[in-house]
Amino acid sequence: MQTQSPNFEVCELTIYDLEWFVEVAAINMLTDELKRPELINKDNLYRLADLGVQMGTAFVVKKNGFNVGALGALKVPNVYNPEITTLAEFFWYVLPEYRNTRAGLLLLKAFDKKAKEVADEATLSTLPSSQLNVASLEKKGFSLQEFGFRKEYGEIEWPH
């Protein structure tokens, strides 16, 4: 799958982009966006990225041949009814200097197109600090359905 816009190209993640996907995009998302560096487990991040490659459900957006963003999703059974297949986004990151461009939208379109092909539903996880425009997502057929809350119990060991 390949989607193009002037100077931008979205394609399915391949093994050639795995290192950038994990070492730049995933780690920046976890540290800069989520503020959760304790979640960095490179072995697992590479495993998730590799699953996205195998399923064809992870994407990179390039500008003039250089990676500027990524979206990772996995095809999973719905937690309440496993007969319903969900394409669940777990990772969406665009380099800060490309956030006011079409890069994020092109990733969303690739995700949405893939979801229509392989799943009964699609879910996006967003952060309260996210720069996503809820009205824009709603225009594209997504609806705000749930809120997530988090409470910490003790200190979590951060990787060294």
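A few points about the overall build of the chain
On a plain count of helices and strands, the chain comes out with 4 helices and 6 strands. Reading the helices (α) and strands (β) of the chain from amino to carboxyl end gives β-β-α-α-β-β-β-α-β-α. If you take every contact in the chain between residues at least 6 apart in sequence, the share linking residues at least 24 apart comes to 62%. Within the structure as shown, the chain displays about 10,100 Å² of accessible surface, and the carbon and sulfur contribution to it stands at 51%.

A look at the confidence of the model for the chain
Predicted confidence across the chain gives a mean pLDDT of 85, with 75% of residues reaching 70 or more. For the chain, per-element mean pLDDT is lowest for strand β1 (residues 2–5), which scores 56, and highest for strand β3 (residues 58–63), which scores 98.

With respect to the layout of surface pockets
Taken as a whole, the second largest pocket holds about 170 Å³ of empty space. Phe21, Ala26, Met29, Leu30, Leu34, Leu39, Asn41, Asn44, Leu45, Leu48, Phe90 and Phe91 together form the lining of the second largest pocket. Only α1 (18–33), α2 (42–55) and β5 (85–94) provide two or more residues apiece to the lining of the second largest pocket. Looking at the lining of the second largest pocket, the element that brings in the most residues is α1, giving 4 residues. Per-class residue counts for the lining of the second largest pocket are 10 nonpolar, 2 polar and no charged.

Comments concerning the pairing of β3
For β3, the buried fraction is high: 5 of the 6 residues fall into the buried class. As paired elements, strand β2 (residues 8–12) and β3 share 5 bridges and run antiparallel to each other. Following the sheet pairing, glutamate 12 is matched in β3 by phenylalanine 59. Of the pairings in the sheet, the one linking β3 to strand β4 (residues 66–77) comprises 6 bridges and is antiparallel in character. When the bridges of β4 are listed, lysine 63 appears paired with phenylalanine 66. Taking the residues that link successive antiparallel strands as the turn, the β3-β4 hairpin has 2 residues, and the phi of asparagine 64 there is positive, at about 50°.

Comments concerning the packing of aromatic side chains
Evaluation of the coordinates by the stated rule reveals 2 aromatic pairs. For the pair phenylalanine 21 and phenylalanine 91, a centre-to-centre distance of 4.6 Å together with 45° between the ring planes defines the contact as tilted. Of the two residues, phenylalanine 21 is situated in helix α1 and phenylalanine 91 in strand β5; the sequence distance between them amounts to 70 residues. Residue phenylalanine 21 shares its accessibility class with phenylalanine 91, and that shared class is buried. On the basis of relative accessible area, phenylalanine 91 is assigned to the buried category, the value being 2%. Three or more aromatic residues joined by ring pairs make a cluster, and in this case those are Phe21, Phe90 and Phe91.

Some words on helix α3 (residues 103–118)
In this model α3 runs 23 Å from its N-terminal to its C-terminal C-alpha over 16 residues, within 8% of the 22 Å that 1.5 Å per residue would give. Inspection of α3 places Ala103, Gly104, Leu106, Leu107, Leu108, Ala110, Phe111, Lys114 and Ala115 among the buried residues, and these make up the whole buried set.

Let's talk about the packing of α1 against α2
At a closest axis distance of 10 Å, the pairing of α1 and α2 adopts a crossing angle of 120°. Classified by the angle their axes make, α1 and α2 are oblique. For the pair α1 and α2, the crossing hand works out as right-handed. Where α1 approaches α2, its residues Leu18, Glu19, Phe21, Val22, Glu23, Ala26, Ile27 and Leu30 are matched on the opposing element by Lys42, Leu45, Tyr46, Ala49, Asp50 and Val53.

Here is what the cut-offs are and how they apply
- Residues numbered from 1 in each chain as written.
- Predicted model: local features only at pLDDT ≥ 70, side-chain atom pairs only at ≥ 80, totals over all residues.
- Heavy atoms only, no water.
- Helix = DSSP H or I, 4+ residues; strand = E, 2+ residues; numbered from the N terminus.
- Contact = heavy atoms within 4.5 Å.
- Areas by Shrake-Rupley, 256 points an atom, 1.4 Å probe, with all protein chains shown as cover.
- pLDDT = per-residue confidence, 0-100.
- 1 Å grid on protein atoms, 1.4 Å probe; cavity = no way out; pocket = protein on both sides within 12 Å on 5 of 7 lines; lining within 4 Å.
- Points joined across faces, edges and corners; volume = space filled by probe spheres on them.
- Nonpolar A, V, L, I, M, F, W, Y, C, P; charged D, E, K, R; others polar.
- Buried < 20%, exposed > 50% of the residue type's maximum accessible area, 1.4 Å probe, protein only.
- Pairing = 2+ DSSP bridges.
- Phe/Tyr/Trp six-rings, centres within 6.5 Å; stacked < 30°, edge-to-face > 60°.
- Expected span 1.5 Å × (residues − 1).
- Axes fitted to C-alpha atoms, helices over the stretch in contact; angles between N-to-C directions.
- Parallel < 35°, antiparallel > 145°, perpendicular 65-115°, else oblique.
- Left-handed = near helix turned anticlockwise from the far one by under 90°.

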